[in-house]
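Coordinate inspection notes
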Amino acid sequence: MANVTRRWFVTCGALLVTAAAADLEAPRAQPAPASAGPPDPKLVEDLVAANRILVDQGVLDGYGHVSARHDRDPNRYLMSRSLAPELVTAADVMEYDLDSNPVDARDRPSYLERFIHGEIYKVRPDVRAIVHNHSPSVIPFGVTGVPLRPLYHMSAFLWEGVPVFDIRRAAGGASDMLVRDSPLGRALAQTLGSRTAALMRGHGAVVVGPSLPHAVFRSVYLEMNAKLQAQAMAQSASVTYLDPEEARRAEASVAGTLGRPWELWKRKALAR
Ligand code: MN
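Values in this document were obtained by computation on a predicted structure and should not be read as measured data. (Residues numbered from 1 in each chain as written. Predicted model: local features only at pLDDT ≥ 70, side-chain atom pairs only at ≥ 80, totals over all residues. Heavy atoms only, no water.)

With that settled, the discussion passes to the coordination of the manganese ion. For the manganese ion, the full set of protein donor atoms is Glu113 (OE), His132 (NE2), His134 (NE2) and His203 (NE2), at a range of 2.1 to 2.2 Å. Going along the chain, you hit the donors of the manganese ion in the pattern E-x18-H-x1-H-x68-H. Of this pair, His134 sits in the loop between strand 4 (129-133) and helix 4 (139-143) while His203 sits in the loop between strand 6 (197-200) and strand 7 (204-209); the two residues are 69 residues apart in sequence, bridging distant segments of the chain. For His134, a relative accessible area of 27% puts it in the partly exposed group. (Donors = N, O, S within 2.8 Å, 3.2 Å for Na, K, Ca; no water. Helix = DSSP H or I, 4+ residues; strand = E, 2+ residues; numbered from the N terminus. Buried < 20%, exposed > 50% of the residue type's maximum accessible area, 1.4 Å probe, protein only.)

Attention now moves to the pairing of strand 3 (residues 93-97). With respect to burial, strand 3 is a largely interior element, five of its five residues being buried. Alternating positions in strand 3 separate into two faces, Val93, Glu95 and Asp97 on one and Met94 and Tyr96 on the other, with burial throughout. Of the strand pairs in this sheet, strand 2 (residues 76-80) and strand 3 are connected by five bridges, and their pairing is antiparallel. What sits directly across from Tyr77, in strand 3, is Tyr96. (Pairing = 2+ DSSP bridges.)

One pass over the full model with this rule turns up 18 salt bridges. Linking Glu119 and Lys122 is a salt bridge whose minimum nitrogen-to-oxygen distance equals 3.0 Å. Here the residue Glu119 and the residue Lys122 both occupy positions in helix 3 (residues 115-123), the gap between them amounting to three residues, near one helical turn. (Salt bridge = Lys/Arg side-chain N within 4 Å of Asp/Glu carboxyl O.)

Set out below in structure tokens:
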């Protein structure tokens, strides 16, 4: 853990030297945002675990990403460099400002869609972790107009509904479907509003939470609910969903037990 902290300071020292040199050579270059300092090593460990858990659970594959708000500064967030989630280690975690500028890029590439994270953190002070995924079972609900609704207690957090973000409207026409700049990220954050998840038409989903375990849990059960809802709809034209009062009560109960799956998932993920 001390190594992580030491590396962080060494890195930031190197950054200052690099920034000074860059200033001489390219005076008009944008200075990198200041670092908030080393994050809590436990938060970094949870972020690494979250990446691996979401792969184990079929939510992420070679694509998708998860971030956490910095514990020292609400205007910074932490996310891996552009890398397949299963390969992420503590050394890959980078710090970003809320415009999604890296604090210390060096030659490390960033995820193209990092603006999803920065723009949601800007408008949702309650959110401390975000997952962007292409989890397979949710994709049909983004393209058919069939609303995703909480089918059972584990997905009660969907009680406010799951809006669908259509990038065509936000981009004013055809795009490559990627949320690759701040205006698109802002539009997605607006669609999400105060909810826990939003679908992205022809692409995937974004899931938020007050902690990494919440965001991971919700991502896993968003995928599961989508799979079960498709099965239920294939069986019957009449499906009974949780009503809002049931869902509110169930969400509170299930949230109280969230540590149980999280500890299991984390232990398995970090054992590899
Ligand atoms: Mn994506």
